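# Chains, contacts and geometry: an overview
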Amino acid sequence: MRLMSVKKRIGVSPDDPLLAATEHALKQWDEIPRIFASLTYRLDNNEVERINRYISLTHRRLTIGSHSGAEAAALYHSLAITCHRCGVNVFDYFCDIIDQSAAWPPNTSIEKYRDLLPDRWEPSQK
């Protein structure tokens, strides 16, 4: 195995990045075949790259203004992208969850709010 030959090289310093990467790969060696066996795992990251590009391009058009504004923008982007991945209309989703949560009392359980996440969301009957 080539990884073992890298690890056993003579004269390699303990802080060599290649040695650290080799040791990490060897620790994960038994898990690597599971990546190829999974039906849901994709070997490319094009979808993630497209999402990051969307966020980057949108960020240029927004004036966030503060740290709390940036946190709110990140939250809304995350929800919008999750809606997109779940096949949920973003506008309908935000309108509905705002209406639903506004009608709830202040001490509503967190589990009820979790049911409003895009993967669990059921549109309210109007």
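Above this note sits the structure.
This one's a predicted model, so the numbers in the text were calculated from it and none came from an experiment. (Residues numbered from 1 in each chain as written. Predicted model: local features only at pLDDT ≥ 70, side-chain atom pairs only at ≥ 80, totals over all residues. Heavy atoms only, no water.)

## Here we look at the overall build of the protein
Across its full length, the protein carries seven helices and zero strands. Counting helices and strands in the order they occur from the N terminus, the protein gives α-α-α-α-α-α-α. Sequence separation of 24 or more characterises 40% of the internal contacts of the protein that already satisfy a separation of 6 or more. Carbon and sulfur atoms make up 57% of the accessible area of the protein, which amounts to about 10,300 Å² in all. (Helix = DSSP H or I, 4+ residues; strand = E, 2+ residues; numbered from the N terminus. Contact = heavy atoms within 4.5 Å. Areas by Shrake-Rupley, 256 points an atom, 1.4 Å probe, with all protein chains shown as cover.)

## Here's the deal with the packing of helix 5 (residues 67-86) against helix 6 (residues 90-102)
Contact geometry for helix 5 and helix 6: axes closest at 9 Å, N-to-C directions at 120°. Comparing their axes, helix 6 and helix 5 come out oblique. Helix 6 is crossed by helix 5, and the crossing has right-handed handedness. Contacts between helix 5 and helix 6 involve Tyr76, Leu79, Ala80 and Cys83 from the former and Val90, Tyr93 and Phe94 from the latter. A class-by-class count of the residues in the contact of helix 5 with helix 6 yields seven nonpolar, no polar and no charged. (Axes fitted to C-alpha atoms, helices over the stretch in contact; angles between N-to-C directions. Parallel < 35°, antiparallel > 145°, perpendicular 65-115°, else oblique. Left-handed = near helix turned anticlockwise from the far one by under 90°. Nonpolar A, V, L, I, M, F, W, Y, C, P; charged D, E, K, R; others polar.)

## Quick word on the pattern of salt bridges
In total, this model carries five salt bridges according to the counting rule given. The partner of aspartate 16 in a salt bridge is arginine 9, with the nearest N and O atoms 3.3 Å apart. Owing to a relative accessible area of 39%, arginine 9 belongs among the partly exposed residues under this scheme. Each member of the salt-bridge network shares a partner with another, and the members are Glu111, Arg114, Asp115 and Arg120. (Salt bridge = Lys/Arg side-chain N within 4 Å of Asp/Glu carboxyl O. Buried < 20%, exposed > 50% of the residue type's maximum accessible area, 1.4 Å probe, protein only.)

Just geometry here; none of it tells us what the structure is for.
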